[in-house]
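A structural walkthrough
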Amino acid sequence: MAKSIIQKRTSAECRECFLCREEAERNGYYGELRHTGLHKHHFVFGRWGAFREKAEHYGLWGYVCNERHHEYGPDAPHNNAEVRRHLSQVAQRAFEAKYSHELWMKEFGVNYVAEEEPEEVEEVSAECSDGGVPEGFCFIPNLAAGLEPAIW
C-alpha cells in the first residue's frame with residue numbers, strides 16, 4: 001500500500017474523513033473531527049474498479065466516513081456524480097503536482113480537471129431586418145397563435 005499523496009495524516013490516531021474536513025474548513029472549523037468509522041476510498045476508481053490498483057500504487061486515496069461519505073449516503077462518491085468528479089479532480093491535481101500531466105493521461109486517460117474549467121461561450125447574434133428594434137432585440141412572430149410579431 002502506497003502512502004496517500006492526497007491526505008497527509010492517515011495514521012489511526014489522527015486520520016479523519018477527507019470530505020468532512022473540506023466541509024469543516026469551508027465553514028471555518030479547524031478543530032478535531034471523528035477518527036472512527038472511516039473507510040479507505042480510492043479517489044479514482046474507474047468503471048468496475050479499473051483504476052483502483054493504479055490509485056493504490058500512486059497514493060490516490062484517502063479516508064471517508066461511513067456515515068455520510070463512503071457508499072450509502074447522498075454525498076457518497078458512489079452515489080453522487082458531483083462528489084465523485086470532485087474527488088477525481090483532487091486526485092488528478094495531486095498526481096500532476098508530484099508527477100506530470102502527461103503521465104496522468106498515459107495512466108488514466110481522462111482529464112477530470114479540464115471538466116471543471118468553464119467552457120467558452122460563443123456569442124450568437126440575431127440578425128433582424130427591422131431597423132426600429134433596439135440593439136439586442138428582435139421581432140419574433142408568434143405564427144402558431146396567429147398574432148402579430150412582438151418585441152422581446
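In the block above lies the structure referred to throughout.
None of the values given here were measured: they were computed from a predicted structure. (Residues numbered from 1 in each chain as written. Predicted model: local features only at pLDDT ≥ 70, side-chain atom pairs only at ≥ 80, totals over all residues. Heavy atoms only, no water.)

What about the pattern of salt bridges?
Scanning all chains against the criterion turns up seven salt bridges. Here Arg 9 ties to Glu 16 by a salt bridge, and the two come within 3.4 Å at their closest N and O atoms. Here Arg 9 falls in the partly exposed class, since its relative accessible area comes to 47%. In this structure, the salt-bridge partner of Arg 34 is Glu 67, at a minimum N-O distance of 2.8 Å. Of the two residues, Arg 34 sits in the loop between helix H1 (18–26) and strand S1 (38–42) while Glu 67 sits in the loop between strand S2 (61–65) and helix H3 (81–98), which places them 33 residues apart along the sequence. Taking relative accessible area as the criterion, Glu 67 reaches 57% and is therefore assigned exposed. In the salt-bridge network here, residues are joined through shared partners; they are Arg 9, Glu 16 and Arg 21. (Salt bridge = Lys/Arg side-chain N within 4 Å of Asp/Glu carboxyl O. Buried < 20%, exposed > 50% of the residue type's maximum accessible area, 1.4 Å probe, protein only. Helix = DSSP H or I, 4+ residues; strand = E, 2+ residues; numbered from the N terminus.)

Focus: the layout of surface pockets
A volume near 190 Å³ is recorded for the largest pocket. As for the largest pocket, its lining consists of Leu 19, Glu 22, Glu 23, Arg 26, Arg 68, His 69, Asp 75, Asn 80, Glu 82, Val 83 and His 86. When residues of the lining of the largest pocket are traced back to their parent elements, those giving at least two are H1 and H3. Among the residues forming the lining of the largest pocket, the class breakdown is two nonpolar, three polar and six charged. Counted as a void, the second largest pocket has a volume near 150 Å³. Its residues assigned to classes, the lining of the second largest pocket comprises two nonpolar, one polar and six charged. (1 Å grid on protein atoms, 1.4 Å probe; cavity = no way out; pocket = protein on both sides within 12 Å on 5 of 7 lines; lining within 4 Å. Points joined across faces, edges and corners; volume = space filled by probe spheres on them. Nonpolar A, V, L, I, M, F, W, Y, C, P; charged D, E, K, R; others polar.)

Re H3
With 18 residues, H3 ought to run about 26 Å at 1.5 Å a step, and its terminal C-alpha atoms sit 26 Å apart, in line with that. Where H3 is concerned, the buried positions are Val 83, Leu 87, Ser 88, Gln 89, Val 90, Ala 91, Gln 92, Ala 94 and Phe 95. Structurally, the start of H3 carries an N-cap: the backbone nitrogen of Glu 82 is 2.9 Å from a side-chain oxygen of Asn 80. (Expected span 1.5 Å × (residues − 1). Polar contact = N/O pair within 3.5 Å; in protein donor to acceptor, adjacent residues only side chain to side chain.)

Brief notes about the environment of Leu 60
One can find Leu 60 in the loop between helix H2 (52–58) and S2. Given a relative accessible area of 0%, Leu 60 falls into the buried group.

Focus: the packing of aromatic side chains
Geometrically, a pair of aromatic rings is defined through the distance of the ring centres and the angle of the planes. Tallying each qualifying case throughout the model produces ten aromatic pairs. Look at Phe 18 and Phe 43: their rings are 5.1 Å apart centre to centre, the planes differ by 70°, and that puts the pair in the edge-to-face class. With Phe 18 in helix H1 and Phe 43 in the loop between S1 and H2, the pair connects residues that are 25 residues apart, well separated along the chain. Ring geometry for Phe 95 versus Trp 104: centroids 5.3 Å apart, planes at 65°, classification edge-to-face. Given a relative accessible area of 0%, Phe 95 falls into the buried group. Three or more aromatic residues joined by ring pairs make a cluster, and in this case those are Phe 51, Tyr 58, Phe 95, Tyr 99, Trp 104, Phe 108 and Tyr 112. Of note, Arg 15 hangs over the ring of Tyr 63, and the distance from its end group to the ring centre comes to 4.4 Å. (Phe/Tyr/Trp six-rings, centres within 6.5 Å; stacked < 30°, edge-to-face > 60°. Lys NZ or Arg CZ within 6 Å of the ring centre and 35° of its normal.)

Description of the packing of H3 against helix H4 (residues 101–108)
As a packed pair, H3 and H4 sit with axes 8 Å apart at the nearest point and diverge in direction by 130°. On the basis of the axis angle, H3 is oblique to H4. Like other packed secondary-structure pairs, H3 and H4 cross with a definite hand, here right-handed. In contact with Ser 88, Ala 91, Gln 92, Phe 95 and Glu 96 of H3, H4 contributes His 101, Leu 103, Trp 104 and Phe 108. (Axes fitted to C-alpha atoms, helices over the stretch in contact; angles between N-to-C directions. Parallel < 35°, antiparallel > 145°, perpendicular 65-115°, else oblique. Left-handed = near helix turned anticlockwise from the far one by under 90°. Contact = heavy atoms within 4.5 Å.)

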